[in-house]
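The chain contents come next:
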Amino acid sequence: MNITILGAGAYALGLALRFNKNKNRIIIWSKVKEEIDVLTKTRMNEKALKGVKMPQNFIYTTNTEKAIEGSDIVVIAVATKFVSSVCKEIKPYIKDKHIVIASKGIEQDTYKFASKIVKETLKTKRLCTISGPSFAKDMATDELIGLSLATTNKKTKEVVMEALASDTLKIRPNDDFLGVELCGTMKNVIALASGMLDGMKVSESTKAMFLTESLNDVRKLIRKLGGNEKTIMSYAGFGDILLTCTSSSSRNYKFGKMTVEVEDKNEINKYLNENTVEGVYTLKSIYGLLKNKRVSLPILDLIYDVVFGYRKPKEILTFLMEKE
């Protein structure tokens, strides 16, 4: 099959390598000419995926029509804030392509999940979202990984699973777009607070307590917003939350830890400017979404206040004890 990857960051390249494993033809597109020039010349993006070289047969382009023409599957793997603009750019060329969303989070101004943006902009039903515990470096090195695939389109499910599933990548399908995307959103937010707890040098037992309370709150939130609360126990739910919220390889976790350990605000801002910390962007989005829907989630309010300096990180501990 012909696979177009929209995006040239770490996760986009990791996915490209997994699709390539099944002998698909890979085209990687980015609006950033410098990224495409470097990939064309060196077959690497050292900043995003250090030490990983792409196969010689990959094609790189900034030309949208060239990227999508003849493709069977188009993978959207850009930061959430760019999903809308990318969809508008590719709309003239999509036709009957199957769309895979790998972007996680909620658009800030509209409070829309990526799947809703794609549906509304591209007017397609051939759509799925993938999510699960999968660092880009582990995708790239062919580690054993499990992903959730949310779709209500049988043909899309079959085509994507054929193109992506392998002996080292297990896919579990479901039809809960909201649950899968909400988990993918909240895990980055929870990781910020998990990093703070690490920075405070709390015990592993306390960290486990926080994650347990967080999982239970996300489960309740899925139900409140109309999703399937069982999704919390999927790869997209428990799996991704466990990985992102316990590893210093997570940029969100690392940023949360830095906010406690690093006194120099310039160093923290430098890290934020040089790295994609989706949790910070997403925190504003999910906070606004819940306020808009008048849904209460105290743990989210607390993380919001701590990240943006209205409360102290140590108040997370008090909150855990007083929480019902």
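Whatever comes next refers back to the structure up there.
Below or above, wherever it landed, is the structure these notes cover. (Residues numbered from 1 in each chain as written. Predicted model: local features only at pLDDT ≥ 70, side-chain atom pairs only at ≥ 80, totals over all residues. Heavy atoms only, no water.)

### Some words on empty space enclosed by the protein
The gaps of empty space that remain are located by a probe, the size of a water molecule, rolled over the atoms.
Logical step 1: Within this structure, the stated rule accounts for one cavity of 30 Å³ or more.
Logical step 2: In this structure, the largest cavity occupies an estimated 40 Å³ of space.
Logical step 3: The wall of the largest cavity is formed by Ile-101, Ala-102, Ser-103, Lys-104, Gly-105, Thr-129, Ile-130, Ser-131, Val-180, Glu-181 and Gly-184.
Logical step 4: If you list the elements that add at least two residues to the lining of the largest cavity, you get strand S6 (127-131) and helix H8 (177-199).
Logical step 5: Within the lining of the largest cavity, the residues separate by chemical class into four nonpolar, five polar and two charged. (1 Å grid on protein atoms, 1.4 Å probe; cavity = no way out; pocket = protein on both sides within 12 Å on 5 of 7 lines; lining within 4 Å. Points joined across faces, edges and corners; volume = space filled by probe spheres on them. Helix = DSSP H or I, 4+ residues; strand = E, 2+ residues; numbered from the N terminus. Nonpolar A, V, L, I, M, F, W, Y, C, P; charged D, E, K, R; others polar.)

### Here we look at the nonpolar core
Logical step 1: Membership of the largest hydrophobic core comes to 46 residues, with the highest contact counts inside it found for Met-186, Phe-210 and Ile-286.
Logical step 2: Every element with two or more residues in this core is listed here: H8, helix H9 (204-224), helix H11 (251-261), helix H12 (265-274), helix H13 (278-293), helix H14 (298-307) and helix H15 (315-322).
Logical step 3: With ten residues, H8 is the single largest residue contributor to this core.
Logical step 4: If near-sequence neighbours (up to four positions away) are discounted, Ile-286 is found in contact with Ile-106, Leu-182, Thr-185, Met-186, Val-189 and Leu-300.
Logical step 5: Residues Ile-5, Ala-10, Met-139 and Leu-147 belong to the second largest nonpolar core, which totals 39 residues. (Core = buried A, V, L, I, M, F, W, Y, C linked by side-chain atoms within 4.5 Å. Buried < 20%, exposed > 50% of the residue type's maximum accessible area, 1.4 Å probe, protein only. Contact = heavy atoms within 4.5 Å.)

### Some details on the environment of Lys-220
Logical step 1: Residue placement: Lys-220 occurs in helix H9.
Logical step 2: Residue classification places Lys-220 among the partly exposed residues on the basis of a relative accessible area of 31%.
Logical step 3: C-alpha separation for the pair Lys-220 and Arg-172, spaced 48 residues apart in sequence, amounts to 22 Å.

Keep in mind that these numbers describe shape and distance, not what the molecule does.
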